[in-house]
Amino acid sequence: MFILFGWGKVTRQVVGQMFEKTCGYCNQTHLWQLCKNRTWFTLFFIPVIPYKTRYAIACPNCGSYIQLTAEQFNKMKMDLNTASSMSDEAMEKIKYAGKNAIQINFLKQMEERNNPK
Ligand SMILES: [Zn+2]
């Protein structure tokens, strides 16, 4: 009998919209999405068993992403479900991931200039 199976089909499930961010890759500002990427073992092209799950906040335009731990993902998902926003501190930590203090300060100043209170 001939059984066709494979590894590596990836599905993306968008859980919710997170925040507006200018993407460092495509340089466009979009609402970034909280998503769950699963890699599947497939049988006859049908996804059967997910064997790898990755959590991320992704740019909807070009698909570049910030990877999250399961813990961070679950917390954000909970925050989305309860419709309460994340603490500013937690939000900034993610929003400015991979940037140094000088870059963060610069971005904050730009934001203040763009959104005068
Ligand atoms: Zn992008």
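Note: the structure precedes this text.
One structure accompanies this document, and this report is about it.

What counts, and at which threshold
- Residues numbered from 1 in each chain as written.
- Predicted model: local features only at pLDDT ≥ 70, side-chain atom pairs only at ≥ 80, totals over all residues.
- Heavy atoms only, no water.
- Helix = DSSP H or I, 4+ residues; strand = E, 2+ residues; numbered from the N terminus.
- Contact = heavy atoms within 4.5 Å.
- Core = buried A, V, L, I, M, F, W, Y, C linked by side-chain atoms within 4.5 Å.
- Buried < 20%, exposed > 50% of the residue type's maximum accessible area, 1.4 Å probe, protein only.
- Donors = N, O, S within 2.8 Å, 3.2 Å for Na, K, Ca; no water.
- Salt bridge = Lys/Arg side-chain N within 4 Å of Asp/Glu carboxyl O.
- Pairing = 2+ DSSP bridges.

What follows is about the overall build of the protein chain. Along its length, the protein chain carries three helices and four strands. Along the protein chain, helices and strands appear, N-terminal first, in the series β-β-β-β-α-α-α. Contacts in the protein chain between residues at least 24 apart in sequence constitute 48% of all its contacts with a sequence separation of at least 6.

For the rest of this paragraph, the subject is the nonpolar core. The nonpolar side chains of soluble globular proteins are, as a tendency, buried together. By size, the foremost hydrophobic cluster in this structure holds 13 residues, and its most contacted members are Met18, Trp32, Leu34, Ile57, Leu68 and Met76. The set of elements that each furnish at least two residues to this core consists of strand E1 (5-22), strand E2 (29-43), strand E3 (46-58), strand E4 (65-68) and helix H1 (70-81). In this structure leucine 34 touches Gln13, Val14, Val15, Gly16, Met18, Ala56, Ile57, Leu68, Phe73, Met76, Lys77 and Leu80, once residues within four positions along its chain are discounted.

Attention shifts here to the coordination of the zinc ion. Between any two of four tetrahedral donors, the ideal angle at the metal is 109.5 degrees; between two of six octahedral donors, it is 90 or 180 degrees. Looking at the zinc ion, one finds its protein donor set to be Cys23 (SG), Cys26 (SG), Cys59 (SG) and Cys62 (SG), positioned 2.3 to 2.4 Å from the metal centre. Coordination of the zinc ion draws on donor residues from a single chain, spaced C-x2-C-x32-C-x2-C in sequence.

Moving on, we come to the pattern of salt bridges. For the structure shown, the criterion picks out one salt bridge. Close ionic contact of aspartate 79 with lysine 75 constitutes a salt bridge, the shortest N to O distance being 3.3 Å. Of this pair, aspartate 79 and lysine 75 both sit in helix H1, separated by four residues, roughly a single helical turn. By relative accessible area, aspartate 79 is classed as buried at 13%.

A few words now on the environment of tyrosine 65. When you line up the elements, tyrosine 65 lands in strand E4. According to the relative accessible area criterion, tyrosine 65 is partly exposed, its value standing at 37%. Ignoring anything within four residues of it in the chain, the contact list for tyrosine 65 reads Trp32, Arg54, Ala56, Ile57 and Ala58.

This paragraph deals with the pairing of E4. The side chains of a regular strand alternate between the sheet's two faces. Burial along E4 is one-sided: the face carrying Ile66 and Leu68 is buried and the face carrying Tyr65 and Gln67 is not. Relative to E4, E3 runs antiparallel, the two being bridged by four bridges. Bridge assignment links tyrosine 55 to a residue of E4, and that residue is leucine 68. Counting the residues that bridge the hairpin from E3 to E4 gives six residues, and of these glycine 63 lies at a positive phi of roughly 85 degrees.

A few words on the side chain of serine 64. Structurally, serine 64 can be placed in the loop between E3 and E4. Among residues more than four places away in sequence, those in contact with serine 64 are Cys23, Tyr25, Trp32, Ile57, Ala58 and Cys59.

Bringing the pairing of E1 into the picture now. Pairing geometry for E1 and E2, over 14 bridges, is antiparallel. In the strand pairing of E2, glutamate 20 is matched with leucine 31. Taken together, E1 and the strand that follows it, E2, pair antiparallel across an intervening segment of six residues, in which asparagine 27 is found at a positive phi of about 60 degrees.

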